[in-house]
Amino acid sequence: MQLNQTIIRFPEIKLKTRDAHKLRGYFGNLFKENSALLHNHFDDGSLRYKYPLVQYKVVNNIPVLLGINEGGELLISLFLKISELNIDGVVFPVYHKNIENKNYKVAIVDDLFSYEFKTLYMGLNQKNYKIYIEANEADKKLLLKKTLTANILSFFKGIDYHAEEKIMLTAELNEKQTKFKDKNMIAFTGNFTTNVLLPDFIGLGKAVSRGFGCIVKK
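All values derive from a computational prediction rather than experimental measurement.

Cut-off values and rules
- Residues numbered from 1 in each chain as written.
- Predicted model: local features only at pLDDT ≥ 70, side-chain atom pairs only at ≥ 80, totals over all residues.
- Heavy atoms only, no water.
- Buried < 20%, exposed > 50% of the residue type's maximum accessible area, 1.4 Å probe, protein only.
- Helix = DSSP H or I, 4+ residues; strand = E, 2+ residues; numbered from the N terminus.
- Pairing = 2+ DSSP bridges.
- Axes fitted to C-alpha atoms, helices over the stretch in contact; angles between N-to-C directions.
- Contact = heavy atoms within 4.5 Å.
- Polar contact = N/O pair within 3.5 Å; in protein donor to acceptor, adjacent residues only side chain to side chain.
- Patch = residues over 30% accessible without salt bridge, like charges linked within 9 Å, V, L, I, M, F, W, Y side chains within 5 Å.
- Areas by Shrake-Rupley, 256 points an atom, 1.4 Å probe, with all protein chains shown as cover.
- Salt bridge = Lys/Arg side-chain N within 4 Å of Asp/Glu carboxyl O.
- Lys, Arg positive; Asp, Glu negative; His and termini not counted.
- Charge placed at Lys NZ, Arg CZ, Asp CG, Glu CD.
- Parallel < 35°, antiparallel > 145°, perpendicular 65-115°, else oblique.
- Nonpolar A, V, L, I, M, F, W, Y, C, P; charged D, E, K, R; others polar.

*Asks:* Pulling in residues and values, what's your account of the pairing of strand S4 (residues 84-87)?
*Replies:* Residues Leu85 and Ile87 of S4 are buried on one face, while the alternating residues Glu84 and Asn86, pointing to the opposite face, are not. Sheet analysis places S4 next to strand S5 (residues 90-93), joined by four bridges and oriented antiparallel. The partner of Glu84 across the bridge, within S5, is Pro93.

Next comes the structure, spelled out in structure tokens:
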């Protein structure tokens, strides 16, 4: 299937990777009347339990907004209205910004492609975290392979892509410690190879709207 993706970058502003959730908070509040897609909450405060179609990232210290399909259309409509960023009370005037819109093919194919995580990948939820920490190295690798495959299927569901072919995948991931919502968490750096065509800069795993799990084809 064809997926449309929009990316807005602010190349003159430098942030830390962990500031991505602050971008989400800022834009979600600034344009909160526009759409639940910006913050994944509905008007009544309930969560939108679907793959986020607007994601906030800091990649190589550059703030990035990513929109998929209708999320991209929303970012295009708001592009000219962005004149500054306010991160923890520090105001960054936006003198230069750029927007890129392109179509990607998403498919399970006969070829193999390698992807690198540009930001930490959080694949473990509360249930499989307990399994992971008690597993041996071989079982840990198998669990992460299954989890990453499930993350790709969740992405498929979020863009309404129904695939019948089998996903083939291998992963080389390195364990890292990080903080998420003031809690110590296990996350991962590394890369994976699969027979799935995926768009650059989408997120896989947990907390992708906050910048985690951002991938780029190697």
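*Asks:* So what's going on with the sheet that holds strand S9 (residues 183-197)? Residues and values would help.
*Replies:* Ordered in space as S8-S9-S7-S10, the four strands form an open sheet in which the pairing is antiparallel. The sheet terminates laterally at strand S8 (169-180) and strand S10 (215-217), the two strands that pair on one side only. Along the sheet, successive strands turn relative to each other by an average axial angle of 40 degrees, direction set aside. Relative to S9, S8 is paired through twelve bridges, and the arrangement is antiparallel. Across the sheet, Glu175 pairs through a bridge with Phe188, a residue of S9. Across the sheet, helix H4 (residues 137-158) lies against strand S7 (107-117), S8 and S9, angled at about 90 degrees from S8, the strand it touches most.

*Asks:* Outline the environment of Ser209, listing residues and values.
*Replies:* Relative to the assigned elements, Ser209 resides in the loop between S9 and S10. Among the residues examined, Ser209 registers a relative accessible area of 10% and is labelled buried. Not counting chain neighbours up to four residues away, the residues in contact with Ser209 comprise Arg24, Pro52, Val54, Gln55 and Tyr56. Within the structure, the side chain of Ser209 is placed 3.2 Å from the side chain of Arg24, a separation counted as a polar contact.

*Asks:* Please give an account of the sheet that holds strand S1 (residues 2-9) that cites residues and values.
*Replies:* Whenever strands of a sheet pair, they do so through backbone hydrogen bonds, lying parallel or antiparallel. Overall, antiparallel pairing links the four strands, which are arranged S2-S3-S1-S6 in an open sheet. Each edge of the open sheet carries a strand with a single partner, namely strand S2 (54-59) and strand S6 (98-105). Neighbour to neighbour, the strand axes of the sheet diverge by 25 degrees on average, direction disregarded. With five bridges joining them, S1 and strand S3 (residues 62-68) adopt antiparallel strand pairing. If you follow Ile7 over to S3, its bridge partner there is Leu66. Packed onto the sheet, helix H1 (residues 20-30) meets S2 and S3 and runs at close to 140 degrees relative to S2.

*Asks:* Any details on the environment of Asp160? Residues and values, ideally.
*Replies:* Mapped onto the fold, Asp160 is located in the loop between H4 and S8. Linking Asp160 and Met1, residues 159 residues apart in sequence, is a C-alpha distance of 9.4 Å.

*Asks:* Account for a negative patch on the surface, naming residues and giving values.
*Replies:* Residues Asp110, Asp111, Glu164 and Glu165 make up a contiguous surface patch of negative charge. Note that Asp111 resides in strand S7.

*Asks:* Quick one: what's the story with the packing of helix H3 (residues 126-134) against H4, residue by residue and with numbers?
*Replies:* Packed helices, taken two at a time, are described by the angle their axes make and the gap between the axes. At a minimum axis distance of 9 Å, the contact between H3 and H4 shows a crossing angle of 155 degrees. Regarding the angle of H3 to H4, the classification is roughly antiparallel. Side by side, H3 and H4 meet where Asn128, Ile131 and Tyr132 of the first sit next to Lys140, Leu143, Leu144 and Thr147 of the second. Split by residue class, the contact of H3 with H4 holds four nonpolar, two polar and one charged.

*Asks:* Can you break down the side chain of Lys97 residue by residue, with the values?
*Replies:* Relative to the helices and strands, Lys97 is located in the loop between S5 and S6. Despite its burial, Lys97 pairs with no opposite charge, the nearest such side chain being Glu84 at 11 Å. In terms of polar contacts, Lys97 uses its side chain to reach the backbone carbonyl oxygen of Ile82, at 2.7 Å.

*Asks:* A description of the environment of Val58 should follow, citing residues and the corresponding values.
*Replies:* When you line up the elements, Val58 lands in strand S2. For the pair formed by Val58 and Arg9, sequence separation is 49 residues and the distance between their alpha carbons is 9.4 Å. If near-sequence neighbours (up to four positions away) are discounted, Val58 is found in contact with Leu15, Lys16, Thr17, Asp19, Ala20, Leu23, Pro63 and Thr119.

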